[in-house]
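So the chains spell out like this:
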Amino acid sequence: MTSLHLSPTAPIQDESLQSEVPIIREGGLSLPNMTCPTGLEYLIVLDYLGIRKNTREVDHFWDVKNEFFVLNIRGETIFNVTEQSDWWGRLCLGSSSTCEFHVTDSYGRKLLRMVQPFTCSFQTLQVYSEDVLLGSISQNCYFLRPTFSINDSTGKTVLRLKGPRFPTCNNIVYKIKSTDYKYKVGEIKITFKMLNYFIPFADVTTGDFNINFPLDLDVKIKSVLLGACFLLDLFYKRRRQSVLL
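- An unreviewed UniProt entry lists the protein under the name Phospholipid scramblase, with Apis mellifera as the source organism.
- In its Function (unreviewed entry) section, the UniProt entry covering the protein states "May mediate accelerated ATP-independent bidirectional transbilayer migration of phospholipids upon binding calcium ions that results in a loss of phospholipid asymmetry in the plasma membrane."
- We quote the UniProt Cofactor (unreviewed entry) comment for the protein here in full: "Ca(2+)".

Some details on the nonpolar core
- One finds Ile150, Tyr174 and Ile188 to be the most contacted residues of the largest nonpolar core, which totals 50 residues.
- Of all the elements, helix H3 (residues 219-244) adds the most residues to this core, at 13 residues.

Some thoughts on the side chain of Gln116
- You can see Gln116 is positioned in strand S6 (residues 110-116).
- A distance of 3.1 Å separates a polar atom in the side chain of Gln116 from a polar atom in the side chain of Gln123.

Quick notes on the packing of aromatic side chains
- As enumerated under the stated definition, the model contains 4 aromatic pairs in all.
- Note on Phe101 and Phe230: the rings are 4.9 Å apart at their centroids and 20° apart in plane angle, and the pair reads as stacked. Highlighted residues: Phe101 in strand S5 (residues 99-104) and Phe230 in helix H3, separated in sequence by 129 residues. Taken as a pair, Phe101 and Phe230 share a single burial class, namely buried.
- Judged by centre distance (5.4 Å) and plane angle (90°), the ring pair of Phe148 and Phe235 falls under edge-to-face.

Reading guide: rules and limits
- Residues numbered from 1 in each chain as written.
- Predicted model: local features only at pLDDT ≥ 70, side-chain atom pairs only at ≥ 80, totals over all residues.
- Heavy atoms only, no water.
- UniProt positions renumbered as here; feature names shortened; annotations may be inferred.
- Core = buried A, V, L, I, M, F, W, Y, C linked by side-chain atoms within 4.5 Å.
- Buried < 20%, exposed > 50% of the residue type's maximum accessible area, 1.4 Å probe, protein only.
- Helix = DSSP H or I, 4+ residues; strand = E, 2+ residues; numbered from the N terminus.
- Polar contact = N/O pair within 3.5 Å; in protein donor to acceptor, adjacent residues only side chain to side chain.
- Phe/Tyr/Trp six-rings, centres within 6.5 Å; stacked < 30°, edge-to-face > 60°.

Encoded structure:
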């Protein structure tokens, strides 16, 4: 597997990112926006991302750093992702604990920072390029079928994720839909290990995700969909914990 090297480009001014107001067309989809945060230019030409988890021993019990690789359709690594959380938060706060994901390119440059803030209710994940908010993913109130909202930097919902009523033995598929749920524009497929669901301390997902989305989707929303995969991974881990406790 070879790594794809991204060429450096001039930085984007923060004001241009913050001043954008998305235009919503019929079906709830935003029009394509070519303003691209630094280092994410390669996402413009992609309509697929794969995520694979790299299982390794942690350096310290109190500092967990799971690693993920983000791949293109040819299986080439384009980004590296590191998850960071601490043991006291997971032990004392459970699903309310904070967590961060750091996305870097093949040169080690930091491209994205994904933050799950402290919450006492539904889970959310915020996606940043440097200190500029690109968007967020928020869990919705649901009965049987989990749903999430994909929000832009202003907090406006531009897409929705609709999950299955019950997970299957092998895969979970989340449909990426318009805000009115009428149109399917993509999907997120999660490899699921149903046999581990009732085994304490066992992972219920393999950390493998496959995302399909429109080619002309705003790069910032593509980045938010990438973050949605990590929030879903946390969602099923913590959902399983609540069943066992």
